[in-house]
Amino acid sequence: QVQLVESGGGLVQAGGSLRLSCAASGRTLSTSDMAWFRQAPGKEREFVAAIMWSGGSTYYADSGKGRFTISRDNTKNSVYLQMNSLKPEDTAVYYCAAGRAGSYCAARSYQYWGQGIQVTVSS
């Protein structure tokens, strides 16, 4: 039904910036809540940011507040994560998720997931 594909990951030096993109196919995401999660080696999957379909309200985990910005462009059926002032601890596989979330920070609230994209921040 819905396929999410992440892009824009890679290697960046500490203090640098990276912009992740998530493109959806199958249907538009105008009525879907969108979120980014990440998982580092040896750690559990954690919430990063979310943007709601209703009014575009955004939410951030403490780890990314002030550094990360989530946005969406419904005309392009895409969601983005702008990451600034990156730290080595931001290194992880980042996942795009979509759905009608009950609890925006809970992974099980989302029905559709991308395959993930690697972000590596060197010191």
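Residues numbered from 1 in each chain as written. Predicted model: local features only at pLDDT ≥ 70, side-chain atom pairs only at ≥ 80, totals over all residues. Heavy atoms only, no water.

## Some details on the overall build of the protein
Part 1: Each helix and strand counted, the protein has zero helices and 11 strands in total.
Part 2: Each helix (α) and strand (β) of the protein, taken in turn from the N terminus, gives the series β-β-β-β-β-β-β-β-β-β-β.
Part 3: Summarising its shape, the C-alpha atoms of the protein cover approximately 40 × 25 × 25 Å along the three principal directions.
Part 4: Buried residues in the protein amount to 45% of all 123 residues. (Helix = DSSP H or I, 4+ residues; strand = E, 2+ residues; numbered from the N terminus. Buried < 20%, exposed > 50% of the residue type's maximum accessible area, 1.4 Å probe, protein only.)

## Some points on the state of the cysteines
Part 1: Under the counting rule described, the total for this entry stands at one disulfide.
Part 2: A sulfur-sulfur distance of 2.2 Å marks the disulfide that ties C22 to C96. Disulfide C22-C96: torsion about the S-S bond near -85°, hence left-handed. Residue C22 is found in strand β3 (residues 18–25), and its partner C96 is found in strand β9 (residues 92–99); the two are separated by 74 residues along the sequence. (Disulfide = S-S within 2.5 Å.)

## What about unusual backbone geometry?
Part 1: For N77, which is not glycine, the phi dihedral falls at a positive 55°.
Part 2: Along the polypeptide, N77 turns up in the loop between β7 (68–73) and β8 (78–83).
Part 3: The exposure class assigned to N77 is buried, which follows from its relative accessible area of 12%.
Part 4: For S85, which is not a glycine, the phi torsion comes out positive at approximately 50°.
Part 5: Its place among the elements puts S85 in the loop between β8 and β9.
Part 6: Overall, S85 belongs to the partly exposed group, its relative accessible area being 41%.

## Concerning the sheet that holds strand β1 (residues 3–7)
Two strands in a sheet stick together by hydrogen bonds in their backbones, pointing the same way (parallel) or opposite ways (antiparallel).
Part 1: Spatial ordering of the open sheet is given by β1-β3-β8-β7, a layout of four strands whose pairing is antiparallel. Pairing within the sheet leaves two strands with one partner each, and these edge strands are β1 and β7. Averaged over all pairs of adjacent strands, the angle between their axes in this sheet comes to 15°, without regard to strand direction.
Part 2: Judged from the six bridges that link them, β7 and β8 form a sheet pairing that is antiparallel. Paired with S71 across the bridge in β8 is Y80. (Pairing = 2+ DSSP bridges. Axes fitted to C-alpha atoms, helices over the stretch in contact; angles between N-to-C directions.)

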